[in-house]
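Chains, contacts and geometry: an overview
What follows is each chain in one-letter form.
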Amino acid sequence: MQAAFVLLFLALALPARAQWSDVPATTVPKNSDGSPNLNAPAPRTADGKPDLSGVWRPDRNQKCPPDGCPDNQMSEQFLDLGWGLKDGLPYQTWAAELVKKRSASAGKDDPTSHCFPGGIVRLHTYPTFNKIVQTPTLVVILSERETSYRQIFLDGRPLPNDPLPTWKGYSIAHWDGDTLVVESTGFRGEDIWLDRKGSPLTDAATIIERIRRVNFGRLQTQMTISDAKAYTRPFTVTLNEYLEPSAELMDFVCVENDASGPQFLGK
Amino acid sequence: MRWATLAALLVMLHGATAQAHHSFAAEYDGKKPATFTGTVTKVEWTNPHVHFFLDVKDPSGTAAQWEFTMGAVNGLFRRGWTKELLKPGDTVTVDGYLARDGSHLANARVVTLRDGRKMSGGTMADEPAN
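Predicted model only: the values in this text are computed from it and were never measured.

We now examine the overall build of chain B. Helix and strand counts for chain B come out as three helices and six strands. Secondary structure of chain B in N-to-C order comes out as α-α-β-β-β-α-β-β-β.

Here it is as structure tokens:
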């Protein structure tokens, strides 16, 4: 009975929130007017390393057409990973032809459009949020997209030999000063798109991400992709992500939509 | 008969799958804007897209059902949407874009709620700006 009163008190005392889309940013440095100071220096963990923890969203650097910006801004690199590179991505001939074909059909065969995972490149560009949880030997990236996880091991293990290819591959990392250097291999060979254009990734790929928390509010990743099957040379792109100091992850279960199929049949 | 049912089932399942998270341009025509006013009959707060249904009356008074899609629940709730804002029985106006296939389906760009407030449906432009 006492417990019931306590619960009732808590229910009345706590502000009603329908969801955790706006939670107090208690651990964020503040400006004199009380707003979050996202230009403050990056925080550090107890062992002195930069702390990458937080809820992050991809860049929203999409150019606006003359008739105004779209309601939902995305990253240019979500659409075209080669955006910002003088000559775009250095496709092998077959890859260039494939991208042309995929672009012509408005990306309708994009695996993410059919609820398949996006892979680690699009983890940095897909317009859903990620949460980084950091320990000295393991960095976990929780993604609301696919309600999924990525593990990056810092415990000294080597990359696996001849691994079972996966959507996210296998990732190990070490610190180079204040930069986390992540090396990944072991990707599926045919069904990972790097962008909405349809730039491919193959099982020959190695990806190096140099991740740095530039300041409190910005994470910058220099990503070098070496994939001789699909590209004539390695290329490097720079991807920015921004802290969402008051946000919490919300499940994004893409197949919910497929579950609505029986309703269409029954009504 | 059994085969006909199966074929219909497959067509409908394909239709449902095609509505899964996709490029705007693959399903809607940005050059075909349209405005609808009607009564909400159902709202599905689902990912990857929120769907809702309106009974829209033509000038003769005949009602037709239209389906509208918005962005993902995550993005919409972060932009101020709540489940209370759109409920069966509400009369709302939708400015959006028609589906390419000519069906009673549209992308809801702006929804004018029962109290007159205008809310963005989170339309994405997924083709690089030229």
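Counting its regular elements, chain A contains six helices and 11 strands. The proportion of buried residues among the 267 residues of chain A is 34%.

Our next topic: the sheet that holds strand β5 (residues 170-176) of chain A. All names here are of chain A. Taken in spatial order, the nine strands of this closed barrel run β1-β2-β3-β4-β5-β6-β9-β10-β11, and their pairing is mixed. This sheet shows a mean twist of 30° between the axes of neighbouring strands, independent of strand direction. When strand β4 (residues 148-153) meets β5, the two strands line up parallel, connected through two bridges. Each residue of the ladder has a partner; that of Ile152, found in β5, is Ser171.

Another aspect to go through is the environment of Arg109 of chain B. Within the element layout of this structure, Arg109 of chain B appears in strand β5 (residues 105-112). With 15 residues separating them in the primary sequence, Arg109 of chain B and Val94 of chain B have C-alpha atoms 7.4 Å apart.

A separate point is the pairing of strand β1 (residues 28-44) of chain B. Every regular strand shows the same layout, with side chains that alternate between the two sheet faces. Residue and element names in this part refer to chain B. Across eight bridges, the pairing between β1 and strand β4 (residues 91-99) is antiparallel. When the sheet's bridge partners are listed, Pro33 is paired in β4 with Tyr97. When β1 meets strand β2 (residues 51-57), the two strands line up antiparallel, connected through five bridges. The partner of Glu44 across the bridge, within β2, is His51. Where β1 folds back on β2, the antiparallel hairpin that results is connected by six residues.

This next bit is on the environment of Pro48 of chain B. Residue and element names in this part refer to chain B. If you trace the backbone, Pro48 turns up in the loop between β1 and β2. Owing to 25 C-beta atoms within 10 Å, Pro48 belongs among the buried residues under this scheme. A sequence separation of 58 residues divides Pro48 from Ala106, and the C-alpha atoms of the two residues are 16 Å apart.

Before going further, it helps to examine helix α3 (residues 93-104) of chain A. All names here are of chain A. Between the first and last C-alpha of α3 there are 17 Å, a value that for 12 residues agrees with the 16 Å anticipated at 1.5 Å per step. If you check which residues of α3 are buried, you get Ala95, Val99 and Arg102. Along α3, the residues classed as buried sweep out an arc of 65° about the axis, all on the same side. Opposite the buried face of α3, by more than 90 degrees, sit the exposed residues Thr93, Trp94, Glu97, Lys100, Lys101 and Ala104. On its buried face, α3 sits against β8 (200-201). Phi turns positive one or two residues past the end of α3, at Ala106, with a value near 55°.

What follows covers unusual backbone geometry. Omega for the bond connecting Asn47 of chain B with Pro48 of chain B falls within 30 degrees of zero, at 5°, which places this linkage in the cis form. Even without a glycine there, the phi angle at Glu146 of chain A is positive, about 70°. Position of Glu146 of chain A relative to the elements: it lies in the loop between β3 (138-143) and β4. Phi is positive for Thr147 of chain A, which is not a glycine, with a value near 45°.

Take the environment of Lys32 of chain B next. Note that Lys32 of chain B resides in strand β1. For the pair formed by Lys32 of chain B and Val94 of chain B, sequence separation is 62 residues and the distance between their alpha carbons is 14 Å.

All names here are of chain A. Confidence in the prediction of chain A, expressed as mean pLDDT, is 87, and 85% of residues score 70 or more. This model gives residues 5-17 a pLDDT under 50, and the stretch forms zero contacts once residues within four places in sequence are excluded. Segment residues 259-267 is flagged for pLDDT under 50; beyond a separation of four residues in sequence, or across chains, it makes 10 contacts in the model.

Before going further, it helps to examine the nonpolar core. A general trend in soluble globular proteins is that nonpolar side chains are found buried together. Residues Leu52, Trp56, Val121, Leu201 and Met223 of chain A are the most contacted members of the largest nonpolar core, which totals 38 residues. What Val121 of chain A contacts, discounting residues up to four positions off in sequence, is Leu81, Leu194 and Met223 of chain A. Among the nonpolar cores identified, the runner-up in size contains 19 residues, and Cys254 of chain A together with Phe68, Met70 and Ala72 of chain B belong to it.

Definitions and limits used
- Residues numbered from 1 in each chain as written.
- Chains lettered and ligands numbered in written order.
- Predicted model: local features only at pLDDT ≥ 70, side-chain atom pairs only at ≥ 80, totals over all residues.
- Helix = DSSP H or I, 4+ residues; strand = E, 2+ residues; numbered from the N terminus.
- Buried ≥ 20, exposed ≤ 12 C-beta atoms within 10 Å, placed from the backbone.
- Pairing = 2+ DSSP bridges.
- Axes fitted to C-alpha atoms, helices over the stretch in contact; angles between N-to-C directions.
- Expected span 1.5 Å × (residues − 1).
- Arc of directions from axis to C-beta.
- Contact = placed C-beta atoms within 7 Å.
- pLDDT = per-residue confidence, 0-100.
- Core = buried A, V, L, I, M, F, W, Y, C linked by C-beta atoms within 7 Å.

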